Amino acid sequence: MTLGPLLIGIYVFVLASFVGFEMITKVPPTLHTPLMSGANAISGITIVGAVAAATTAPPTVANILGALAIVTATINVVGGFLVTDRMLRMFGKKKK
Amino acid sequence: MSHDVIRSTVVPIIYLLSTVLFIFGIKRLSKVKTARQGNTLAALGMLLAIVGAILELGTVDYRWIAGGMILGTIIGATFAIRVQMTSMPEMVALFNGFGGIASALVATSVYWELVVQQGASGTVADVVGTDEAITVMLSILIGGITFTGSIIALMKLQGNLKKGQPILLPARHFITFGLLFASIAFGATAVVAAGSDSILWVLLLAGGSLVLGILLTIPIGGADMPVVVSLLNSYSGVAASMAGFVIGNPLLIIGGAMVGAAGLILTQIMCVAMNRSLLNVLVGGFGVADGAGGGGSDEYTNVTSCGPEEAAMVLEDAESVIIIPGYGLAVAQAQHAVRELADMLKARGTKVSYGIHPVAGRMPGHMNVLLAEADVPYEELLEMDVINPEFKSTDVVIILGANDVVNPVASKDPSSPIAGMPILNAHEARSVFVVKRSLSPGYAGIKNELFEYDNTMMIFGDAKKVLQGLIGEVKAL
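Residues numbered from 1 in each chain as written. Chains lettered and ligands numbered in written order. Predicted model: local features only at pLDDT ≥ 70, side-chain atom pairs only at ≥ 80, totals over all residues.

Within chain A, the secondary structure is distributed over 4 helices and 0 strands. Seen in sequence order, chain A has helices and strands lined up from the N terminus as α-α-α-α. The C-alpha atoms of chain A give 18 Å as radius of gyration, which overshoots the globular expectation for 96 residues (12 Å, by more than 25%). Projected onto the principal axes, the alpha-carbon positions of chain A cover approximately 55 × 45 × 15 Å. Every one of the 96 residues in chain A was classed for burial, and the buried ones make up 62%. Taking all contacts inside chain A whose residues are at least 6 apart in sequence as the whole, residues at least 24 apart take part in 61%. (Helix = DSSP H or I, 4+ residues; strand = E, 2+ residues; numbered from the N terminus. Rg over C-alpha atoms; globule rule 2.2 N^0.38 Å. Buried ≥ 20, exposed ≤ 12 C-beta atoms within 10 Å, placed from the backbone. Contact = placed C-beta atoms within 7 Å.)

Moving on, we come to the overall build of chain B. Each helix and strand counted, chain B has 18 helices and 6 strands in total. Dimensions of chain B along its principal axes, counting C-alpha atoms only, are 80 × 55 × 30 Å. Residues counted as buried form 56% of the 477 residues belonging to chain B. The long-range share in chain B, meaning contacts at least 24 apart out of those at least 6 apart in sequence, stands at 79%.

Taken together, the contacts link 77 residues of chain A with 97 residues of chain B. If you list the elements that add at least two residues to the side of chain A that touches chain B, you get α1 (5-24), α2 (32-42), α3 (47-52) and α4 (61-92) of chain A. With 31 residues, the single largest contributor to the side of chain A that touches chain B is α4(A). Tallied by class, residues from the side of chain A that touches chain B come to 47 nonpolar, 26 polar and 4 charged. (Nonpolar A, V, L, I, M, F, W, Y, C, P; charged D, E, K, R; others polar.)

The next subject is the packing of helix α12 (residues 308-317) of chain B against helix α18 (residues 463-476) of chain B. Each pair of packed helices gets described by two things: the angle between the helix axes and the distance between those axes. All names here are of chain B. Packing of α12 against α18 leaves a shortest axis separation of 9 Å and a crossing angle of 55°. Comparing their axes, α18 and α12 come out oblique. Of the two elements, α12 crosses α18, and the hand of that crossing is right-handed. Contacts between α12 and α18 pair Pro308, Glu309, Ala311, Ala312 and Leu315 from the former with Val466, Gly469, Leu470, Glu473 and Val474 from the latter. When the residues that make up the contact of α12 with α18 are grouped by side-chain class, the tally is 7 nonpolar, 1 polar and 2 charged. (Axes fitted to C-alpha atoms, helices over the stretch in contact; angles between N-to-C directions. Parallel < 35°, antiparallel > 145°, perpendicular 65-115°, else oblique. Left-handed = near helix turned anticlockwise from the far one by under 90°.)

Attention shifts here to the sheet that holds strand β6 (residues 456-460) of chain B. All names here are of chain B. Across the sheet, 6 strands lie side by side as β3-β2-β1-β4-β5-β6; this open sheet has parallel pairing. Only two strands of the sheet have a single neighbouring strand rather than two, namely β3 (381-383) and β6. Within this sheet the neighbouring strands show an average axis-to-axis angle of 25°, counted without direction. Looking at chain direction, strand β1 (residues 320-325) and strand β4 (residues 396-400) are connected through 5 bridges and run parallel. Paired with isoleucine 324 across the strands is isoleucine 399, a residue of β4. Of the strands in this sheet, β1, β2 (351-356) and β4 touch helix α14 (residues 335-347), which is tilted by about 170° from β1. (Pairing = 2+ DSSP bridges.)

Now for the domain arrangement of chain B. Residues and elements named next belong to chain B. Structurally, chain B comprises domain 1 (1-82), domain 2 (85-283) and domain 3 (308-476). Counting residues at the interface gives 18 residues for domain 2, matched by 15 residues for domain 3. Taken together, the elements giving at least two residues each to the side of domain 2 that touches domain 3 come down to α4 (88-117), α9 (225-247) and α10 (250-274). Of all the elements, α10 adds the most residues to the side of domain 2 that touches domain 3, at 5 residues. Broken down by class, the residue content of the side of domain 2 that touches domain 3 amounts to 14 nonpolar, 4 polar and no charged. (Domains from an automatic or database assignment.)

This brings us to the environment of B:Ala318. Residue and element names in this part refer to chain B. Tracing the sequence through the fold places alanine 318 in the loop between α12 and β1. Distance from alanine 318 to leucine 278, taken between C-alpha atoms, is 41 Å for residues 40 residues apart in sequence. Once residues within four sequence positions are removed from consideration, alanine 318 is found in contact with Thr350, Asp395 and Val396.

Closest axis-to-axis distance for the α1(A)/α10(B) pair is 7 Å, and the angle between their directions is 40°. As the angle between them shows, α1(A) and α10(B) are arranged oblique. When the axes of α1(A) and α10(B) are compared, the crossing they make is right-handed. Of the residues in α10(B), those in contact with A:Gly9, A:Val12, A:Phe13, A:Ala16, A:Ser17, A:Val19, A:Gly20, A:Phe21 and A:Ile24 of α1(A) are B:Pro250, B:Ile253, B:Ile254, B:Ala257, B:Met258, B:Gly260, B:Ala261, B:Ala262 and B:Ile265.

What follows deals with the environment of A:Ala57. Note on placement: A:Ala57 falls in the loop between α3 and α4. Look at A:Ala57 and you get exposed, because 12 C-beta atoms sit within 10 Å. In contact with A:Ala57, other than residues within four places in its own chain, are B:Asp61 and B:Arg63.

A separate point is the confidence of the model for chain B. All names here are of chain B. For chain B, per-residue confidence averages 88 on the pLDDT scale, and residues scoring 70 or more make up 97% of the total. Here residues 289-296 scores under 50 on pLDDT; set against residues more than four positions off or in separate chains, the count is 14 contacts. Reported confidence for the predicted complex is 0.93 by ipTM and 0.86 by pTM. (pLDDT = per-residue confidence, 0-100.)

Glancing now at the pairing of β2(B). Residues and elements named next belong to chain B. By the bridge criterion, 4 bridges tie β1 to β2 in an arrangement that is parallel. Along β2, the bridge assignment pairs serine 320 with lysine 351. A crossover links β2 with its parallel partner β3, the connecting element being helix α15 (residues 366-373), and its sense is right-handed. (Right-handed = clockwise from strand over helix to strand, strands pointing away.)

All names here are of chain B. The phi dihedral of alanine 171 is positive, around 55°, even though this residue is not glycine. Tracing the chain through its elements places alanine 171 in the loop between α6 (130-157) and α7 (172-192). One non-glycine residue, aspartate 375, adopts positive backbone phi at about 65°. If you trace the backbone, aspartate 375 turns up in the loop between α15 and β3. A count of 14 C-beta atoms within 10 Å places aspartate 375 in the partly exposed class.

Next comes the structure, spelled out in structure tokens:
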């Protein structure tokens, strides 16, 4: 049996979904919002694809779309992680 | 080291490390003690992934990349630092929308570069490969829905769009499903269309998916937005995963799939807490069509109200107090005032705890975040299952801007729209004070029997003002 790239991708997708399901069960409600916001920041991983889509100088349609993708993905990543940290800092600070 | 070695060995190892950091990050995010560290680990994983992506490119023109990242960082950081804790649900929805549109843009850009700009003559499937062509279309579809869906969710959370009420178009199911099938057909046609003939179909698909995001979200009411935001979060993960198939990068596939699964689980948790199916939430119109449900009249007959001074006198003798916060607390920004009152009561030897309904507020865990901002120790925030047996032996319950989640009709009347929804059994306490601006119904659009109970007193007013009044009165005791 040889797996083509698509099938390998599907294997990876299915297994990673199970990892996701297993990790999230039994989360205390206190963490629902930060968890959602942190997971949301991780979905900004699409930035890796965005970076590869804007690699030449002339302003072509593909470049502009790629640059827009970088801007929006960066907002998702930077904003998402920062805002999650802000929330979690509040949970931590009472341990005085 | 040659760039080939970097691409074939170094970069994949970096991506693998990044994946491991994401897994540890999410794992640690799900425990209170390690959550902050988990978030930092995940952020490190992301940084590593970006470094890997840039190494993979080698020497290219970095101006677009650098410019985009700087601009995105400034915008994202500004939002994240400025946002009020009460607006956190809106913030998550907004970021989520950006993540979704980014995946759609990546896919469109790859398509445009390879098919349109190269002037390819074969079909899209020939040029980029059939699998990639299909996933390009799926990225656009899911990413587009995520984007406009999140924007609508954001507006509903802000109380815009008919104050967040469901907007029900005539024949809406027909329109929505028609457009969904049409969009899928546009995408399929684009896959087999030749060269630049495909542009029209891709644009139709993009437009269709953006409209779909709107159509799917407008019929759902503001209070169901926790479910919607968490489902859209799942979609944005799937969109990123699809983009991973397009560019053949397992890191995107894995990261996206984990977020997709996590979002689905949170969605499920929300639905269980309301005793409603996901389908029931997504169909929308909740609380609009069947206003007659609930049995009996919607008029209130036997309501007693009082002012802060009477409430303070009851609080004076109370040995145990449970506070039930709801969305009204967030609207009134009363989280600091409530902690101040709790501190004063605790100083007098009263036992104070908080009963948190899983769907209180406008996003999962909304109340926990708000009260944490006001330094309420999270040990005092008790989940529904833990606190429900306590009400019988509790002297005073103070309900702050919560409504449907304390309505006893849920367990009594099977014809009620909220029948079977688990509630906080506030009515079992000796005295109940309901702080509310008026007798207007909650999200379910039905009357709350609790307000007519003999042990219930209404205190009409804005939660923050009432609390400040109470604090003044308790101080004077």
